Structures are given as structure tokens and as C-alpha cells.
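A look at the structure
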Amino acid sequence: TCVAVVRDGKTIRSNIVSSQYDFHRRFGGVVPEVASRKHLEFLIPVLDEACSEAQVSLSDIDGIVATRGPGLSGSLLMGLCLAKTIAILYHKPFYAVNHLEGHLFASTLNHPELEPPFISLIVSGGHTELIIVRDWGRYESWGKTRDDAAGEVYDKISKYLNIGFPGGPLIDIRSRGGNPSRFHFRGGLEDDESPDFSFSGLKTAVTRTFQAFSEEEKHDEVLFRDLLASFQESVVRTLWKKTLRVVERTGYCTIALGGGVAANSYLRERFQAEGEQYHLRVFFPSRELCTDNAAMIGACGSFHLFRGERSSLATEPDSQLSLA
Ligand code: KG4
Ligand code: ZN
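The present account deals with the structure reproduced in this document.

Definitions and cut-offs
- Residues numbered from 1 in each chain as written.
- Chains lettered and ligands numbered in written order.
- Predicted model: local features only at pLDDT ≥ 70, side-chain atom pairs only at ≥ 80, totals over all residues.
- Heavy atoms only, no water.
- Helix = DSSP H or I, 4+ residues; strand = E, 2+ residues; numbered from the N terminus.
- Buried < 20%, exposed > 50% of the residue type's maximum accessible area, 1.4 Å probe, protein only.
- Polar contact = N/O pair within 3.5 Å; in protein donor to acceptor, adjacent residues only side chain to side chain.
- Pairing = 2+ DSSP bridges.
- Axes fitted to C-alpha atoms, helices over the stretch in contact; angles between N-to-C directions.
- Contact = heavy atoms within 4.5 Å.
- Parallel < 35°, antiparallel > 145°, perpendicular 65-115°, else oblique.
- Left-handed = near helix turned anticlockwise from the far one by under 90°.
- Nonpolar A, V, L, I, M, F, W, Y, C, P; charged D, E, K, R; others polar.
- Donors = N, O, S within 2.8 Å, 3.2 Å for Na, K, Ca; no water.
- Tetrahedral: all angles 85-135°; square planar, octahedral: opposite > 155°, others 65-115°.
- Near = heavy atom within 4 Å.
- Areas by Shrake-Rupley, 256 points an atom, 1.4 Å probe, with all protein chains shown as cover.
- Core = buried A, V, L, I, M, F, W, Y, C linked by side-chain atoms within 4.5 Å.

**Side note on the side chain of serine 230**
Of note, serine 230 is situated in helix 9 (residues 221-250). A relative accessible area of 1% places serine 230 in the buried class. Side-chain polar atoms of serine 230 contact the backbone oxygen of asparagine 179, separated by 3.4 Å.

**Topic: the sheet that holds strand 5 (residues 118-123)**
Judged by pairing direction, the sheet is mixed, and its 5 strands sit side by side in the order 7-6-5-8-9 without closing on themselves. The open sheet has two edge strands, strand 7 (138-144) and strand 9 (281-283), and neither has a second partner. On average, each strand axis in the sheet is tilted by 25° relative to the strand beside it, whichever way the strands run. In the sheet, strand 5 pairs with strand 6 (residues 128-135) via 6 bridges, with the strands oriented antiparallel. Looking across to strand 6, one finds that phenylalanine 118 is bridged to valine 133. Across the sheet, helix 9 touches strand 5, strand 6, strand 7 and strand 8 (254-258), and the angle it forms with strand 5 is around 160°.

**Quick notes on the packing of helix 5 (residues 150-160) against helix 7 (residues 200-211)**
Relative to each other, helix 5 and helix 7 sit at 20°, their axes nearing to 10 Å. It follows from the interaxial angle that helix 5 and helix 7 lie roughly parallel. Between helix 5 and helix 7 lies a crossing of right-handed hand. Along its contact with helix 5, which presents Val153, Lys156, Ile157 and Tyr160, the element helix 7 presents Lys203, Val206, Thr207, Phe210 and Gln211. Looking at side-chain class alone, the contact of helix 5 with helix 7 contains 5 nonpolar, 2 polar and 2 charged residues.

**A word on the coordination of the zinc ion (ligand 2)**
With distances of 2.0 to 2.1 Å, the protein atoms coordinating the zinc ion (ligand 2) are His99 (NE2), His103 (NE2) and Asp292 (OD). Taken together, the 4 donor atoms coordinating the zinc ion (ligand 2) span angles of 98 to 141° at the metal, a pattern that classifies the geometry as irregular. Overall, the relative accessible area of 43% leaves aspartate 292 in the partly exposed class.

**Focus: unusual backbone geometry**
Most of the time, phi is negative for any residue but glycine, and the peptide bond is trans. Here the bond from proline 116 into proline 117 is cis, since omega is 5°, no more than 30 degrees from zero. Relative to the helices and strands, proline 117 is located in the loop between helix 4 (99-110) and strand 5. A cis amide bond, omega -5°, links phenylalanine 165 with the succeeding residue proline 166. Topologically, proline 166 is positioned in the loop between helix 5 and helix 6 (167-174). For asparagine 162, which is not glycine, the phi torsion reads 60° and is therefore positive.

**Things to note about the site of ligand 1**
The environment of ligand 1 is made up of 19 residues, and the closest members are Gly125, Asp155, Asp172, Asn264 and Asp292. Measuring from an oxygen atom of ligand 1, one finds a side-chain N or O atom of histidine 99 at 3.2 Å. When ligand 1 is considered free in solution it has 560 Å² of accessible area, and contact with the protein chains removes 89% of it. At the level of elements, helix 4, helix 5 and helix 6 are the ones that each hand at least two residues to the shell around ligand 1. The residue inventory of the shell around ligand 1, partitioned by class, reads 5 nonpolar, 11 polar and 3 charged.

**Let's talk about the environment of valine 3**
Position of valine 3 relative to the elements: it lies in strand 1 (residues 2-7). Exposure remark for valine 3: the relative accessible area of 13% places this residue in the buried category. Considered as a pair, valine 3 and aspartate 48 are 45 residues apart in the sequence and their alpha carbons are 9.0 Å apart.

**Focus: the side chain of serine 175**
Looking at the element boundaries, serine 175 is found in the loop between helix 6 and helix 7. Given the relative accessible area of 4%, serine 175 is considered buried. At a separation of 3.0 Å, a polar atom in the side chain of serine 175 contacts the side chain of glutamine 232. If we ignore the near neighbours within four places in the chain, the residues touching serine 175 are Arg225, Leu228, Ala229 and Gln232.

**Notes on the nonpolar core**
Core analysis: the largest hydrophobic core is formed by 45 residues, its most contacted members being Phe231, Leu239, Leu257 and Phe271. Only strand 5, strand 6, helix 5, helix 7, helix 9, strand 8 and helix 10 (265-277) provide two or more residues apiece to this core. With 12 residues, helix 9 is the single largest residue contributor to this core. Core analysis: the next-biggest nonpolar cluster, separate from the first, contains 26 residues, Val6, Val97, Ala106 and Leu323 among them.

Dropping the structure here:
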């Protein structure tokens, strides 16, 4: 549950994120019904906290935006209902934001110099997608995952290997110092001409490798670390190869990342290093702006409100909303 106050779409006055992970951990994943009930419980306190930290009242703000989709319908509904209610009560302009476009704007909060055209790689729990940003508001989808999203694979492998939930940040830590070349896993479609990704086979390969370990090996910390480091290597290598191909096709020299997996230490190091080697500019949001947050939605929504765009107060959630 996230609420932010953003000035001019550029400066964060407050950005409150109330994580629900503690409520979902025992189920090993997000339970949609639990998620919407918790949003209902936390939205008003989080809204109050965001306003008080920014030292504003609702009557001070110039506009209100909320995420329309993609995402879990019940969760989207909660945020939209609250935002539309505030818009009606306080006579404020309202805009319903595309979640993925929000991730595109996240980097601008840390790097105001980021301007289109550029290539964006969104890697999250629900998406793995390469997008050509011709201009703000003009997007072309280049390729996306055909099965699991990168974050989903982190979470599923983590669940299978009993590492915990959410898997991404835990694997990030547990893999540190591991040997990424110990096991050779291949990302699906890694060297294929297709612009798309495929990660479900990788998930199977990693879990099968673990299954084949002896009992002693299963408790070998170094081996386990190497397994995780090798898994990450294949994900990041695949993401980089596919991104580089879009660079070659478009001639664009700027890459901006977004989504929870963009918080990954190994991914950040590798993209930075490869970017330098190819003389490309690589932008990352700060880690807290990679994972879902309201500041990026505020930045994106402000852009649309400034252009005079408004959404109908009858806007409903769209769990499958696409960007292009
Ligand atoms: O963008 P996000 O917060 O939500 C979606 O829009 O999906 O991304 C959440 C995903 C989860 O799968 C989580 O495990 C992953 O991002 N994630 C990470 C890291 N932090 C979060 N994956 C790898 N390394 C991390 N440090
Ligand atoms: Zn997201």
C-alpha cells in the first residue's frame, strides 16, 4: 500500500510504502484476497502519513492519480476508489496511470536528465518487457516474456529451495560472493532471434540441479551460493543480450531500467559494466524506486495532468492493461 506526495512530478515530498510481505509470507506468495483486504485497512493511515510527512493537507494538492493496471484487480480497485473519492470531494483533477508507465518514469525521479528516446527494460514480478520509448507517451513493445517474469522465477526458485519470501532480495543476498560460472544455465531464447524472453525452463533447470545434489551437497553453503550465483548470471546475461540487440537495431544509446528485479545488485553491476564497455548510458532508479511505489505513479500521472489529460471518474481497474 503506497501513497506519495510529489511536486511538479519531479521532487518527492513523501513516499510511504507499507509492505504486506509479513501477511503473505506464510502462504509463500501474494494471496489476492488478503492483499485487497489489507489495502482497505492500510490505505487511510498510509495516506495520512504521506500528507503529514509532506506537510500538506488534501486541499493543498493540485491533482490526484492512482494505478489503473496491470495488476491484481482487487488491489487496483482499492487505490482507484480512494483516489476517485478524493477527486470528487476536493474537486481535484484525476488521472489513472498505467503501472508499467509508472516504472518507466521511476528513473526520472533520480535522474531528471533522462529524456527520450531510450530503451527501457522493465523487470518485475509480473513483467519482463523491453520497450522502445520514442517519446514520453509514445511506446513500442519490443519483446516480452512468453511465460514467467524474471521476478517470478526468483520467487519460485526461492520457494522451492526454502530460502523464503519474497525471493528476489533474499537470493540477491544469499548469492553474494558465489561463483557465477560454476553451473552453466541457459536463459530460454537466450541466443534466439526472437525479441522475447522465456524463463520457465531456467526455473526447472535450477531446481533439478538442486534435486540431484546429495544430502551432504544440499547443506554445502558454498555450493548453494554458487548455484544461486549461476542462476543469476543466466538471468542477467539473457537480459543484457536481448537489451543490446535493441540498442543495435534502434541506434539508441540510453537504457533505463525499472521494476523490482532492477534492484538486484548483480544486475546493476553487470549492466553498468557492460554499458561502459559499449559506451551506453545506463540509468537505474534507486532501489526503493525500483520496487512498486507511489512516487513513480505520481511522477507519471503529473506528466499527464500537466498535458491537460484527465481520466473519467468511471475508470475501472484493468488487470491486463498494456503499455504500447
Ligand atoms: O516491481 P515490483 O515491486 O512488483 C511488480 O510490479 O511485480 O517487483 C517485485 C519483484 C518480486 O518478484 C521480487 O522478488 C523482485 O521484484 N525483487 C528482486 C529484488 N528486489 C525485488 N529480485 C532480485 N533482486 C532483488 N534485489
Ligand atoms: Zn511493478
